Amino acid sequence: VSTDVAEVDDHSPVHPGEHHDHGPTDRQYFNIFFILVVLTALEVSTEWWPEDSRNIAVPVLLILMVIKFFLVALWFMHLKWDPALLKRTFYSGMVVAILVYAIALSAMNFWTDSGTTNFNDPPPVPPAPFCTTSQEPGPCPTD
Amino acid sequence: MVLSVNAIIRGDLKRMRLWLIGTAVLGGLFLGGQVYEFTIFVVNDGLGFTTNVASSAFFALTGLHGVHVLVGVIMLLSVVALSFRRKMHAEAVEVVGLYWHFVDIVWVLIFTVVYLIP
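Below, the structure is looked at part by part. Only a predicted model underlies this, so the values are computations on that prediction, with no experimental measurement involved.

### Focus on unusual backbone geometry
Now for step 1: Positive phi, close to 40°, is recorded for His78 of chain A, a residue that is not glycine.
Now for step 2: Here His78 of chain A is to be found in the loop between helix H2 (57-76) and helix H3 (84-107).

### Overview of the packing of helix H1 (residues 2-10) of chain B against helix H4 (residues 90-116) of chain B
Residue and element names in this part refer to chain B.
Now for step 1: Running from N to C, H1 and H4 cross one another at 170°; their axes reach a closest spacing of 9 Å. Considered as vectors, H1 and H4 are oriented roughly antiparallel to each other. Along its contact with H1, which presents Val2, Ser4, Val5 and Ile8, the element H4 presents Ala90, Val93, Glu94 and His101.
Now for step 2: Here the contact of H1 with H4 is built from residues that sort into five nonpolar, two polar and one charged.

### Digging into H2 of chain A
Now for step 1: Given a rise of 1.5 Å per residue, 20 residues ought to cover 28 Å, and the 27 Å separating the end C-alpha atoms of H2 of chain A matches this to within 8%.
Now for step 2: Here H2 of chain A has its buried residues at Ala57, Leu61, Leu64, Met65, Lys68, Phe69, Leu71, Val72, Ala73, Trp75 and Phe76 of chain A.
Now for step 3: If you follow the buried residues of H2 of chain A, they end up packed against helix H1 (26-45) and H3 of chain A together with H1 and H4 of chain B.
Now for step 4: The positive-phi residue at the C-terminal boundary of H2 of chain A is His78 of chain A, with phi of around 40°.

The rules behind the values
Residues numbered from 1 in each chain as written. Chains lettered and ligands numbered in written order. Predicted model: local features only at pLDDT ≥ 70, side-chain atom pairs only at ≥ 80, totals over all residues. Heavy atoms only, no water. Helix = DSSP H or I, 4+ residues; strand = E, 2+ residues; numbered from the N terminus. Axes fitted to C-alpha atoms, helices over the stretch in contact; angles between N-to-C directions. Parallel < 35°, antiparallel > 145°, perpendicular 65-115°, else oblique. Contact = heavy atoms within 4.5 Å. Nonpolar A, V, L, I, M, F, W, Y, C, P; charged D, E, K, R; others polar. Expected span 1.5 Å × (residues − 1). Buried < 20%, exposed > 50% of the residue type's maximum accessible area, 1.4 Å probe, protein only.

In structure tokens:
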């Protein structure tokens, strides 16, 4: 099997051996990879954070998630080097996705609910089948 | 993955195949881990898809992601196989790379939301 340069399609917009100013180098990709490894290690380390600092773990995790998201999108998906039209398309889609997610969470009463397993408001507490003070069947005595 | 794109841009088919196979192997390892995890949950813990809302969400999210990874691995290996048979378009590798990193970026979100946030 030949690995000649001639084997690569001549009609491709990127040609073998051609110098490209646009796009990361191998070394830059490795740097991004190592940054992602460190950020992921930091994320996983929150599992062992002391109990009293647990309340800041969630915002820290969300911030790290956003940083990792943009590192992958900008470098590995080369959004950083894409034309403005593609960038606008990406960011528009992202805004719509966030809006849809927020609307879906609102529809599930996420912001106000105490956390039922079926995403609905908690059902009203049914009346007790007997008087809880007298332990007799029926309503409590009124005397 | 991205290193294989750089390799094909340089016209280095050998290295392109090497990085693609490496990526596919890592994807296969991920899938193996998922099969192991699902087995533990289903067999040992008795947690099924319809056990509760959390288990449905968990299996739907991670299972669908696993299917996408499987498709990605097949695409990676297909590019390697095709590179032996016909001329390689650098964009073909790049498009597979975009798909792979799309799946990758979704895992960044799933990993934090499903596995890490208490």
